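Structural overview for review
Each chain, written out:
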Amino acid sequence: GACNLLAMMQTLRLGQRAASVAYWRGFAAAAGDGPVGFVGLGNMGAPMARNLLKAGHQVIAFDLNEASLGSVTSAGAKAGASPAAVAAEARTVITMLPSIPAIRAVYLGDQGLLSASGEGALFIDCSTCEPSVCKEVAEAASAKGASLVDAPVSGGTIGAEQATLTFMVGGSEGSYRTAEGLLNHMGKKVVHCGDVGMGTAAKLCNNLVLGISMAAVCEGHALAERLGLDQKKLADILNTSSGRCWSSDTYNPCPGVMEGVPSARGYTGGFATDLMIKDLGLASSAALSAKPKLGLPMGGLALQLYSLMSAHGSGHKDFSALYQFVVEAERSAAGKQ
């Protein structure tokens, strides 16, 4: 009797699990059917949208910049007249926007996505903002019978072109499962970080560490230059010792140490200093709005360094150009003495 009872319970559990999987697959299929909307076709959004086209999706796209829109319509996408027009035709819409005001305008404006979204629509916001903004927009979407996941990315423009991005996703389990299929066509790794806002939280934490660690590697190499130590030897020591990090072994900021990185091509390409300033500012703002508030002293110092560098005209350069800024600022100061 006990064995039969156990067998029945196991069968029931398996049946419930199968029903759950079937439900989410059905939900995913419903939201994933038909065209996919894409709003925001900058250096990241345009190649992401083109990768969806390559994967066989019909894409309805919108961007205020006609040239950016043309770079996607020429690859086969259909142009939408506004975010609302995109939402009217696509049950799933991806956004990649440059700022919090742009996110609010695209989602909440008079011609915004939510003004025309239908019941069961899914929005995937790949922009980098603050967790509180993600939650605000997700609540507005929920009031319309739609759902939203935040899915900021890591991997830069190269990752966007090659479809090797990492997506950090915040949202319900069901929404995550629905979004995952599309995100896999634009990246190589999709991580569910928790509820809405947690994808953005992960992105801000990662870039906070990146900004600080790059500043440390830049100062280390600047000191090596001043002391007459061979830079390649220092890099070799760093990368086999306790100072090792991504900024030293994969993205070294010192010219002549590595090939194929921004420091080898005059700090062009890569991740602009002004974008690092934006992300460190968002991390600082999120820390101050947390309860209780959190001070980020190292992050604050890094933000000041990159901001000073930008004020001197290098905001467009890759953020690893901080090495050049530190060395040249010291040389300039020494020359005035």
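Residues numbered from 1 in each chain as written. Predicted model: local features only at pLDDT ≥ 70, side-chain atom pairs only at ≥ 80, totals over all residues. Heavy atoms only, no water.

**Considering the packing of aromatic side chains**
A full pass over the atoms with the stated rule returns 5 aromatic pairs. Aromatic pair Y251 and F319: ring centres 5.9 Å apart, planes at 25°, arrangement stacked. On the criterion of sequence distance, the pair formed by Y251 in the loop between α11 (246-249) and α12 (273-289) and F319 in the loop between α13 (297-314) and α14 (322-336) is long-range, its members being 68 residues apart. As far as burial versus exposure is concerned, Y251 and F319 are alike and both buried. Taking 6.3 Å as the distance between ring centres and 55° as the angle between the ring planes, the aromatic pair formed by Y306 and F319 counts as tilted. Of the two residues, Y306 sits in helix α13 while F319 sits in the loop between α13 and α14, which places them 13 residues apart along the sequence. Since its relative accessible area comes to 0%, Y306 is described here as buried. Owing to a relative accessible area of 1%, F319 belongs among the buried residues under this scheme. (Phe/Tyr/Trp six-rings, centres within 6.5 Å; stacked < 30°, edge-to-face > 60°. Helix = DSSP H or I, 4+ residues; strand = E, 2+ residues; numbered from the N terminus. Buried < 20%, exposed > 50% of the residue type's maximum accessible area, 1.4 Å probe, protein only.)

**Observations regarding the layout of surface pockets**
What the largest pocket holds in volume is close to 1500 Å³. Along the wall of the largest pocket there are 50 residues; nearest its centre are M44, V153, G156, T157 and F271. At the level of secondary structure, the elements contributing two or more residues to the lining of the largest pocket comprise α5 (100-108), β7 (153-154), α7 (156-162), β8 (165-170), α9 (198-227) and α12. For the lining of the largest pocket, the residue count by class is 25 nonpolar, 19 polar and 6 charged. Here the second largest pocket defines a volume of roughly 360 Å³. Broken down by secondary-structure element, the contributors of at least two residues to the lining of the second largest pocket are α6 (131-143), α9 and α12. Considering each element in turn, the lining of the second largest pocket owes the most residues, 5 residues, to α9. Partitioning the lining of the second largest pocket into residue classes produces 12 nonpolar, 2 polar and 2 charged. (1 Å grid on protein atoms, 1.4 Å probe; cavity = no way out; pocket = protein on both sides within 12 Å on 5 of 7 lines; lining within 4 Å. Points joined across faces, edges and corners; volume = space filled by probe spheres on them. Nonpolar A, V, L, I, M, F, W, Y, C, P; charged D, E, K, R; others polar.)

**A closer look at the confidence of the model for the protein**
When pLDDT is averaged along the protein, the result is 91; 88% of the residues meet or exceed 70. Low confidence marks residues 17-31, where pLDDT is under 50. Its contacts with residues over four positions away, or in another chain, come to 9 contacts. (pLDDT = per-residue confidence, 0-100. Contact = heavy atoms within 4.5 Å.)

**A few points about unusual backbone geometry**
Across the junction of K291 and P292, the peptide omega takes the value -5°, indicating a cis bond. Within the secondary structure layout, P292 lies in the loop between α12 and α13. A positive phi angle, close to 60°, is found at A163, a residue other than glycine. For A163, the location among the structural elements is in the loop between α7 and β8. Positive phi is not limited to glycine here, since Y267 has a value of about 60°.

**Concerning the pattern of salt bridges**
Side-chain pairs of opposite charge can arise whenever the charged atoms involved come near each other. Applying the stated criterion to the full structure yields 6 salt bridges. Across the pair R104 and E136 runs a salt bridge whose closest N-O atoms are separated by 2.8 Å. Of this pair, R104 sits in helix α5 while E136 sits in helix α6, and the two are 32 residues apart along the sequence. For E136, a relative accessible area of 30% corresponds to the partly exposed category. Between R177 and E173 there is a salt bridge whose closest N-O contact spans 3.0 Å. Note that R177 and E173 are positioned in helix α8 (residues 173-183) at a spacing of 4 residues, about one turn of the helix. With a relative accessible area of 36%, E173 lands in the partly exposed category. (Salt bridge = Lys/Arg side-chain N within 4 Å of Asp/Glu carboxyl O.)

**Here's the deal with the pairing of strand β1 (residues 36-39)**
Here β1 shows two buried faces, one formed by V36 and F38 and the other by G37 and V39. For β1 and strand β2 (residues 59-62), the ladder comprises 4 bridges, and the chain directions are parallel. By the bridge assignment, V36 is partnered in β2 with V59. Note on the crossover from β1 through helix α2 (residues 45-54) to β2: the handedness is right-handed. Two strands pair when backbone bridges link them, and β1 and strand β4 (residues 92-95) are joined in this way by 4 bridges, in the parallel orientation. When the sheet's bridge partners are listed, G37 is paired in β4 with V93. (Pairing = 2+ DSSP bridges. Right-handed = clockwise from strand over helix to strand, strands pointing away.)

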